[in-house]
Amino acid sequence: MADSRVYRASTTAPVNIAVIKYWGKRDAKLNLPTNSSLSVTLAQSDLKAHTTASCSQAFSDDDSLILNGEPSPLTTPRSQACLARLRALRKILEDRDNSLPKLSQWPLRIVSINNFPTAAGLASSAAGFAALIRAIANLYELPQSPTELSAIARQGSGSACRSLFGGYVAWDAGTAADGNDSVAVEVAPASHWPEMRALVVVASAEKKGVPSTAGMQQTAATSTLFPLRVEKLVPARMIAMKEAIAKKDFATFADLTMQDSNSFHAVCLDTVPPIFYMNETSRAAVRLVEAINERVGRNVAAYTFDAGPNAVVYYLAENEGQVAGVFKSLLGDKDGWAGDRGTQVQEAPIEGLDE
Ligand code: DP6
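Residues numbered from 1 in each chain as written. Predicted model: local features only at pLDDT ≥ 70, side-chain atom pairs only at ≥ 80, totals over all residues. Heavy atoms only, no water.

### Considerations on the packing of aromatic side chains
The full count for this structure, using the stated rule, is 11 aromatic pairs. Here Trp193 and Phe250 contribute two aromatic rings whose centre-to-centre distance is 6.4 Å and whose plane-to-plane angle is 75°, an arrangement assigned as edge-to-face. Note that Trp193 is positioned in the loop between strand E11 (184-188) and strand E12 (196-202) and Phe250 in helix H6 (residues 250-269), a separation of 57 residues in sequence. Of the two residues, Trp193 and Phe250, neither departs from the other in class, the shared state being buried. On the basis of an interplanar angle of 35° and a centroid distance of 6.4 Å, the ring pair of Phe264 and Tyr277 is categorised as tilted. Taken together, the positions of Phe264 in helix H6 and Tyr277 in the loop between H6 and helix H7 (280-296) put the pair 13 residues apart, joining distant regions of the chain. Connected via pairs of aromatic rings, a cluster forms that spans Tyr168, Trp193, Phe250, Phe253 and Tyr314. A cation sits over an aromatic face here: Arg109 above Phe59, 3.6 Å from the ring centre. (Phe/Tyr/Trp six-rings, centres within 6.5 Å; stacked < 30°, edge-to-face > 60°. Helix = DSSP H or I, 4+ residues; strand = E, 2+ residues; numbered from the N terminus. Buried < 20%, exposed > 50% of the residue type's maximum accessible area, 1.4 Å probe, protein only. Lys NZ or Arg CZ within 6 Å of the ring centre and 35° of its normal.)

This is the structure:
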């Protein structure tokens with residue numbers, strides 16, 4: 001007899017912002033990176049993807065996705081790779097236990113909302129794919145760990161693998177040809193360094209010019225600085241960054257974060273044709289952080305920029321006034337000021353998941 005029930009699971013996934021950047025693929029099909037990366041997970045209710053996955057034998061349509069109220073394709077090779085893998089894992093459970101409903105065979109309906117500036121360099125694909133994978137894994141009652149699920153999320157969007165964890169997260173590039181060791185692992189929970197704060201300076205909510213997938217392929221193919229970054233700079237920074245986090249050494253954390261952001265934007269500029277993600281507002285944010293650090297006499301703030309002009313500024317709660325206070329007084333906070341370029345400043349605590 002046909003089963004008319006609708007099975008459903010909902011979840012959220014947070015945005016993560018890398019302090020050591022992923023930029024470059026050694027295998028585009030499996031989405032394997034040329035270097036390891038490390039991120040901090042932001043906790044703010046409006047910087048999360050909220051996703052519901054449902055399936056039913058009664059659904060007669062194909063798999064579908066409604067993203068922010070609009071139908072969106074689920075037929076891309078990346079989405080298909082993720083869905084196929086999740087269905088295969090569910091099928092293993094169904095084959096083992098005949099009484100389980102055959103969810104793996106039924107169409108999926110996914111509804112996802114992320115109201116933050118999509119594709120403006122605020123890692124929307126990271127939160128989006130992480131929430132998609134987790135929602136379906138919950139729906140299918142999969143026993144896989146977040147690290148195992150991260151290998152699936154990675155195939156959706158590389159940075160998504162890091163959004164399956166809270167706190168401080170490393171994505172190990174791995175060496176295996178099949179990519180099974182290219183996974184995210186928790187470096188430290190958010191509770192390890194609860195004083196850490198992040199400020200998001202939204203310089204532009206417009207869609208970025210060069211999407212990260214295309215941009216990083218161009219950089220890997222044409223930048224002469226890129227091999228130095230991948231072979232020497234990033235491996236050394238990964239070690240130093242893990243150490244700085246372990247010791248809660250903010251000055252070193254800040255140095256490494258700013259150096260790696262600048263190194264990433266330098267290889268973008270060194271790409272043929274050059275890629276520009278930072279704009280005048282971004283450079284003003286850099287100068288402001290420099291001025292704050294100089295005035296205090298040590299690093300109390302660290303900027304980083306992804307593939308877009310928006311800045312994320314890390315600082316410790318004890319320096320709130322000197323960092324967030326200065327940014328807000330100059331740029332205004334999100335409720336008040338919307339300057340020439342619509343710059344907004346929002347604070348985000350660091351997210352801890354499953355703690
Ligand atoms: C600059 O994860 O969006 O944000 O794997 O092609 O989907 P794909 O790329 P994506 O790239 C993110 C690049 C970055 C740096 C980072 O998050 O580490």
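### With respect to the sheet that holds E11
Here we have 4 strands laid out as an open sheet, ordered E2-E5-E10-E11, and antiparallel in their pairing. Single-partner strands in this sheet number two, and they are strand E2 (16-20) and E11. Direction aside, neighbouring strands of the sheet carry axes that sit 35° apart on average. With 4 bridges connecting them, strand E10 (residues 168-171) and E11 associate as antiparallel partners. Bridging across to E11, Ala170 finds its partner in Val185. Across the sheet, H6 lies against E2 and strand E5 (37-41), angled at about 95° from E2, the strand it touches most. (Pairing = 2+ DSSP bridges. Axes fitted to C-alpha atoms, helices over the stretch in contact; angles between N-to-C directions. Contact = heavy atoms within 4.5 Å.)

### Let's talk about the pairing of strand E7 (residues 64-67)
Of the strand pairs in this sheet, E7 and strand E9 (residues 108-113) are connected by 4 bridges, and their pairing is parallel. When the sheet's bridge partners are listed, Leu65 is paired in E9 with Ile110. What sits between E7 and strand E8 (residues 70-72) in their antiparallel hairpin is a turn of 2 residues, with Asn68 showing a positive phi close to 50°.

### Let's talk about the environment of Val40
Take Val40: it is sitting in strand E5. A relative accessible area of 0% places Val40 in the buried class.

### A look at the confidence of the model for the protein
Across the protein, pLDDT averages 90, with 88% of residues at or above 70. Overall fold confidence for the complex sits at a pTM of 0.92, while the interface term, ipTM, reaches 0.99. (pLDDT = per-residue confidence, 0-100.)

### Observations concerning the sheet that holds E9
Strand order in the open sheet formed by 5 strands is E1-E6-E9-E7-E8, and the pairing between neighbours is mixed. Since the sheet does not close on itself, it has two edges, and those belong to strand E1 (7-14) and E8, each with one partner. Put simply, the sheet's adjacent strands are angled 25° from each other on average, direction ignored. In terms of strand pairing, strand E6 (residues 48-55) meets E9 through 6 bridges, oriented antiparallel. Within E9, the position partnered with Cys55 by the bridge is Leu108.

### Quick look at the site of the ligand
Within the structure, the ligand sits among 18 residues, and Tyr22, Lys25, Ser157, Ser159 and Thr213 are positioned closest to it. Within the contact set of the ligand, an oxygen atom lies 2.9 Å away from a side-chain nitrogen or oxygen of Arg78. Here an oxygen atom of the ligand and a side-chain polar atom of Ser212 are 3.0 Å apart. Isolated, the ligand exposes 450 Å² of accessible area, and the fraction of that covered by the protein chains is 95%. Looking at the shell around the ligand residue by residue, the classes come out as 6 nonpolar, 7 polar and 5 charged. (Near = heavy atom within 4 Å. Polar contact = N/O pair within 3.5 Å; in protein donor to acceptor, adjacent residues only side chain to side chain. Areas by Shrake-Rupley, 256 points an atom, 1.4 Å probe, with all protein chains shown as cover. Nonpolar A, V, L, I, M, F, W, Y, C, P; charged D, E, K, R; others polar.)

### Comments concerning the nonpolar core
Among the nonpolar cores identified, the biggest contains 98 residues, and Leu86, Ile136, Leu139, Phe253, Tyr314 and Phe327 are the most heavily contacted of them. A per-element tally of this core places helix H2 (residues 124-139) first, with 10 residues. (Core = buried A, V, L, I, M, F, W, Y, C linked by side-chain atoms within 4.5 Å.)

### Thoughts on the packing of helix H5 (residues 226-247) against H6
Describing two packed helices takes the angle between their axes plus the distance from one axis to the other. Running from N to C, H5 and H6 point in directions that differ by 160°, and their axes come no closer than 10 Å. If you check the angle between H5 and H6, you find them roughly antiparallel. Crossing hand, H5 versus H6: left-handed. Contacts from Phe226, Arg229, Leu233, Val234, Arg237, Ala240, Met241, Ala244 and Ile245 of H5 reach H6 at Thr252, Phe253, Leu256, Thr257, Gln259, Asp260, Ser263, Phe264 and Val267. (Parallel < 35°, antiparallel > 145°, perpendicular 65-115°, else oblique. Left-handed = near helix turned anticlockwise from the far one by under 90°.)

### Thoughts on H7
For an α-helix, 3.6 residues make a turn, and residues three or four places apart therefore share a direction. Here H7 is 17 residues long and its end C-alpha atoms lie 24 Å apart, about the 24 Å a rise of 1.5 Å per residue gives. All buried positions along H7 are accounted for by Thr281, Ser282, Ala285, Val286, Leu288, Val289, Ile292 and Asn293. Down the axis of H7, the buried side of the element spans an arc of 160°, and every buried residue falls inside it. With respect to the buried face of H7, the exposed residues turned more than 90 degrees away are Arg287, Glu294 and Arg295. For H7, the elements touching its buried residues are H6, strand E13 (301-305), strand E14 (311-316) and helix H8 (320-331). (Expected span 1.5 Å × (residues − 1). Arc of directions from axis to C-beta.)

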